[in-house]
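Each chain is listed here by its residues.
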2 protein chains.
Amino acid sequence: MGISERKEREKHEKRRLILDKAMQLFVDEGYENVSIRKIAEKIEYSPATIYLYFSDKDEILGNLQKEGFDKFYDFLSKAESETDPVQRVRKLGRMYIKFGLENPEYYDLMFIARAPMKKYIDGLVWTEADKSFLLLRNTVEYAMEKGAIKQGPSLPVAFGLWSLVHGVVSLVNRQRLSEIKDEELGNLIEKSLDEMISGLVKI
Amino acid sequence: MGISERKEREKHEKRRLILDKAMQLFVDEGYENVSIRKIAEKIEYSPATIYLYFSDKDEILGNLQKEGFDKFYDFLSKAESETDPVQRVRKLGRMYIKFGLENPEYYDLMFIARAPMKKYIDGLVWTEADKSFLLLRNTVEYAMEKGAIKQGPSLPVAFGLWSLVHGVVSLVNRQRLSEIKDEELGNLIEKSLDEMISGLVKI
DNA sequence: TTCTTTTACTGAACAGTGTTTATTTTATAT
DNA sequence: ATATAAAATAAACACTGTTCAGTAAAAGAA
């Protein structure tokens, strides 16, 4: 009998619906306007129903965070097409920033918000994010092996680059660059990134 | 008659009391646990009284943010004692990170939280923060003038350095570095900073 | 001192939040 | 048709920021 299979499928579909509507609320109305009651209204069920599919709000946020990391990784992977080692690092940085600025809500969940991290506190591995960091680290190591950038441990360089691009995205998204005009911002980011990366290049 | 002066003084003292207790709650119990009702309980007045001294919660946060910037600027200014231009940049970076890690609640209000920024949206100047950025920019320009780091526009370099240290602080404070052990973190930060700054040095 | 006016303060309410539990509705099996 | 199991919900609890009518206290005027 396919009833239990259908039920399983329906359960999965409802979880999906909740996540989709929650993300839609995020994108349309911003972080502050995502409440269980609003999600409930969107899916046309009572608020209590949501708790049959997720144990709490943080689990919803955590799932969206994970999906953000997946999208993020897929997006960054495109930088692999670049053959020149330094250009590949540069492109990875540019794509990181592009993703962060074009998907501020995902970026928030992934790297800024406290809520979805509660589940991971005390040693639980954060595998999704690590995948992307490994991509960066491998790109740095590739450039080192090719002799394109100064040799040495890859971790400090990769961490420095990550901090740099994360700093850019979070300062922009949280509106801490009031003195910089919008039309100059793109250029400034580009120049800063080039300046810092060219410092790593072997001469 | 000194009555109105006394009243003025008392009003000021109560504002101060509210801000102090609010900050104390921030530090002791974290961002999530700061509510008007809890502040009210701490100062032993009703919640409604707080609205006689501040128009809303964001104004309280905004005031604490401003005070954070003042402390921050005073703290960073100590880097001026360093005479060597490159060492001065390095020290400024280190002090930035030190402040951010040792005062996570202030740092949050200053550079991460959305709430206190609402007031400044739409062009209102953000002077307190700009002062600190100017300090960084001047330090970079000083190093350029002395021929210690590569010449060129100071803005992209200063912005890059700011993004770097902000990235470090916010990744650490928001617990996005689960794969790095606590005892290795200090060293990693130091190495990353050195790596990036030495890239700017003229050869 | 007494009376009036101004200032300071608060209780109670409103609309919102996340979450839980008892109850009802719906679907399946006999 | 009836008993059982599953799914959905209404209502409540304890919070949140904020407002406003009403009270208590202090100040000024008589």
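Here, the structure is the one placed above.
Notes on the structure in this doc start here. (Residues numbered from 1 in each chain as written. Chains lettered and ligands numbered in written order. Predicted model: local features only at pLDDT ≥ 70, side-chain atom pairs only at ≥ 80, totals over all residues. Heavy atoms only, no water.)

## A few points about the protein's contact with DNA strand D
Working step 1: What surrounds DNA strand D is a group of 20 residues, the closest being Thr49 and Tyr53 of chain A together with Arg6, Arg37 and Tyr51 of chain B.
Working step 2: Between DNA strand D and Ser35 of chain B there is a distance of 2.8 Å, counted from a phosphate oxygen to a side-chain nitrogen or oxygen.
Working step 3: Side-chain polar atom of Tyr51 of chain B to a phosphate oxygen of DNA strand D: 2.7 Å apart, as the coordinates give it.
Working step 4: Every element with two or more residues in the surface near DNA strand D is listed here: helix 1 (3-29) and helix 3 (47-50) of chain A together with helix 1 (3-29) and helix 2 (36-43) of chain B. (Near = heavy atom within 4 Å. Polar contact = N/O pair within 3.5 Å; in protein donor to acceptor, adjacent residues only side chain to side chain. Helix = DSSP H or I, 4+ residues; strand = E, 2+ residues; numbered from the N terminus.)

## Things to note about helix 7 (residues 127-145) of chain B
Residue and element names in this part refer to chain B.
Working step 1: Under the 1.5 Å per step criterion, the end-to-end length of helix 7 is 26 Å for 19 residues, consistent within 8% with the ideal 27 Å.
Working step 2: Those residues of helix 7 hidden inside the fold are in contact with helix 4 (57-77), helix 5 (85-102) and helix 8 (154-173).
Working step 3: Remark: Gly147 follows helix 7 within two positions and exhibits a positive phi of approximately 75 degrees. (Expected span 1.5 Å × (residues − 1). Contact = heavy atoms within 4.5 Å.)

## Section: the protein's contact with DNA strand C
Working step 1: Taken together, 20 residues lie near DNA strand C, and Ser35, Arg37 and Tyr51 of chain A together with Thr49 and Tyr53 of chain B sit nearest.
Working step 2: Backbone atoms, meaning sugar and phosphate, form 57% of the atoms of DNA strand C found within 4 Å of the protein.
Working step 3: Taking Ile36 of chain A, its main chain carries an N or O atom lying 2.9 Å from a phosphate oxygen of DNA strand C.
Working step 4: Lys14 of chain B places a polar side-chain atom, nitrogen or oxygen, 2.9 Å from a phosphate oxygen of DNA strand C.
Working step 5: Residue assignment for the surface near DNA strand C shows that the elements contributing at least two residues are helix 1 and helix 2 (36-43) of chain A together with helix 1 and helix 3 (47-50) of chain B.
Working step 6: Residues that form the surface near DNA strand C fall into these classes: ten nonpolar, three polar and seven charged. (Nonpolar A, V, L, I, M, F, W, Y, C, P; charged D, E, K, R; others polar.)

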